[in-house]
Amino acid sequence: MPNLQANPSNTQASHARWLLQRADACRAQGQYSQAETLYLNALALTETIFGPAHAEVAVVLNNLAVLYKYSGNFDAAGQLYQRALTITERKYGAAHPHVATIYHNLGGLEHARGRYAAGEPFARRSVEIREKALGPEHVDVAADLAALAALLDGQKRYDESEPIYRRVLALFEARLAAGDEQAAYEIAVNLNNLAALKHGQGYFAEAEQLYRRALALKEKLLGAEHPDVALTLNNLAVLLKKQRRYAEAEQLYGRALALFERVLAPTHPKLVACRENYAGLRRILTGTAVAA
């Protein structure tokens, strides 16, 4: 999505741009409560300056929706994405890369809700738009393909998703080798997703290796306390529990749960799943449940 195109002489517009930038930074650091306050202030000010149907407003709507997806406020995220999509299509046309960004995000929202089949058309549309506009080797196309692969993976269509994951990894690794340091995070995300796929197929040793590579990269890039680190911690714990490596799994579940509880709503699916997984492991360790 484009940045706010404010006139530097306009104090209000400059302040709106600053609020948006600060909100994005807080979101990236996992500071979701602070980010929400900043986004809401940026949205109110941007609507006042430009009007509620301006393309600049769509940028803030989209970014706030991303935050709400992360924090589990899925209904609000969906409403904001739809508003942003309507504005952006009206401004740029239906085949513009900015429109593809919102389709990508709508697919990601359905993935977060566990509605994988519902998200697939959004992901395919984002790939279609950006491949035509930017070419098949573009980094943004790689991100769209990764999102599509995750949705196929969620439907257990492993034969379709695995080649896409491996293509995406190759694209981002090439970008990293060329000096694009931002590609490192995308590599970590795709390593995690490929690990989950291999886990689902029963290839536990390969899945563990991929999870540990993803975890090391995320901790290096984001810090050990970032909520995105918790996702891979939880996934690796699930894998270790499946192999009856309970002591290792317990440590990872504990770390993941503490991180999730700090930033996610109590009903967020990731937090609920982690809490239930950890509780199930504790019952096994205390002898009140039978190991699966």
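Relevant structure appears above.
Because the structure is a prediction, the values reported are computed rather than measured.

Asker: So what exactly am I meant to see when it comes to the pattern of salt bridges here?
Answerer: A side chain of one charge can pair with a side chain of the opposite charge if their charged atoms are brought near each other. On inspection of all chains with the given rule, the structure shows 23 salt bridges. With a closest N to O distance of 3.9 Å, R27 and D24 form a salt bridge. Taken together, the residues R27 and D24, both in helix α1 (residues 11-28) and 3 residues apart, mark about one turn of the helix. Judged by relative accessible area, D24 falls into the partly exposed class, the value being 23%. What emerges from the salt-bridge pattern is a single network uniting D75, E110, R113 and R115.

Asker: Sorry, what's going on with unusual backbone geometry here?
Answerer: Residues apart from glycine generally show negative phi values, whereas peptide bonds are mostly found in trans. Even without glycine at this site, K156 takes up a positive phi of about 65°. Position of K156 among the secondary structure elements: in the loop between α7 (139-154) and α8 (158-177). With a phi angle near 65°, R244 is a residue other than glycine that sits in the positive phi range.

Asker: I tried to follow the packing of helix α10 (residues 204-222) against helix α11 (residues 227-242) on my own but got confused; where do I start?
Answerer: Packed helices, taken two at a time, are described by the angle their axes make and the gap between the axes. Interhelical geometry of α10 versus α11 gives an angle of 160° and a closest axis separation of 9 Å. With respect to α11, the element α10 is oriented roughly antiparallel. Like other packed secondary-structure pairs, α10 and α11 cross with a definite hand, here left-handed. Counting all contacts with α10, which are made through F204, A207, E208, Y211, R212, A214, L215, K218, E219 and L222, the residues of α11 involved are D228, V229, L231, T232, L233, N235, L236, L239, L240 and K242. Of the residues that constitute the contact of α10 with α11, the class distribution is 12 nonpolar, 2 polar and 6 charged.

Asker: Sorry if this is basic, but what is going on with the environment of C26 here?
Answerer: Within the secondary structure layout, C26 lies in helix α1. For C26, a relative accessible area of 3% gives the class buried. Along the primary structure C26 and L109 are separated by 83 residues, whereas in three dimensions their C-alpha atoms are 20 Å apart. In this structure, C26 is in contact with Q31, Q34, A35 and L38, ignoring residues within four places of it in sequence.

Asker: Any chance you could explain the packing of aromatic side chains here in plain terms?
Answerer: Aromatic ring pairs: the centre-centre distance and the angle between the two ring planes describe each pair. Evaluated as defined, the whole model comprises 3 aromatic pairs. Look at Y253 and Y278: their rings are 6.2 Å apart centre to centre, the planes differ by 45°, and that puts the pair in the tilted class. Separated by 25 residues along the polypeptide, Y253 in helix α12 (residues 246-263) and Y278 in helix α13 (residues 269-285) bring together distant segments of the chain. Y253 gets classed as buried once you look at its relative accessible area, which sits at 1%. A residue is classified by how much of its surface remains accessible, and Y278, at 21% relative accessible area, is partly exposed.

Asker: Where do I start with the side chain of R130 in this structure?
Answerer: Examined against the element boundaries, R130 turns out to sit in helix α6 (residues 116-134). At 2.6 Å, the side chain of R130 and the side chain of D144 are in polar contact. The contact partners of R130, leaving out residues within four places of it in the chain, are P97, A100, T101, H104, G135, D140, V141 and D144.

Asker: Sorry, what's going on with the packing of helix α9 (residues 183-201) against α10 here?
Answerer: Viewed as axis vectors pointing N to C, α9 and α10 meet at an angle of 155°, and their least axial separation amounts to 8 Å. Taken together, α9 and α10 sit at an angle that is classed as roughly antiparallel. You can see that α9 and α10 cross each other, and the crossing is left-handed. Here A184, Y185, I187, A188, L191, N192, L194, A195, A196, K198 and H199 of α9 come into contact with α10, specifically with F204, E206, A207, L210, Y211, R213, A214, L217, K218, L221 and L222. Here the contact of α9 with α10 is built from residues that sort into 16 nonpolar, 2 polar and 4 charged.

Procedures and definitions
- Residues numbered from 1 in each chain as written.
- Predicted model: local features only at pLDDT ≥ 70, side-chain atom pairs only at ≥ 80, totals over all residues.
- Heavy atoms only, no water.
- Salt bridge = Lys/Arg side-chain N within 4 Å of Asp/Glu carboxyl O.
- Helix = DSSP H or I, 4+ residues; strand = E, 2+ residues; numbered from the N terminus.
- Buried < 20%, exposed > 50% of the residue type's maximum accessible area, 1.4 Å probe, protein only.
- Axes fitted to C-alpha atoms, helices over the stretch in contact; angles between N-to-C directions.
- Parallel < 35°, antiparallel > 145°, perpendicular 65-115°, else oblique.
- Left-handed = near helix turned anticlockwise from the far one by under 90°.
- Contact = heavy atoms within 4.5 Å.
- Nonpolar A, V, L, I, M, F, W, Y, C, P; charged D, E, K, R; others polar.
- Phe/Tyr/Trp six-rings, centres within 6.5 Å; stacked < 30°, edge-to-face > 60°.
- Polar contact = N/O pair within 3.5 Å; in protein donor to acceptor, adjacent residues only side chain to side chain.

None of the figures reported here should be taken as evidence of function without further support.
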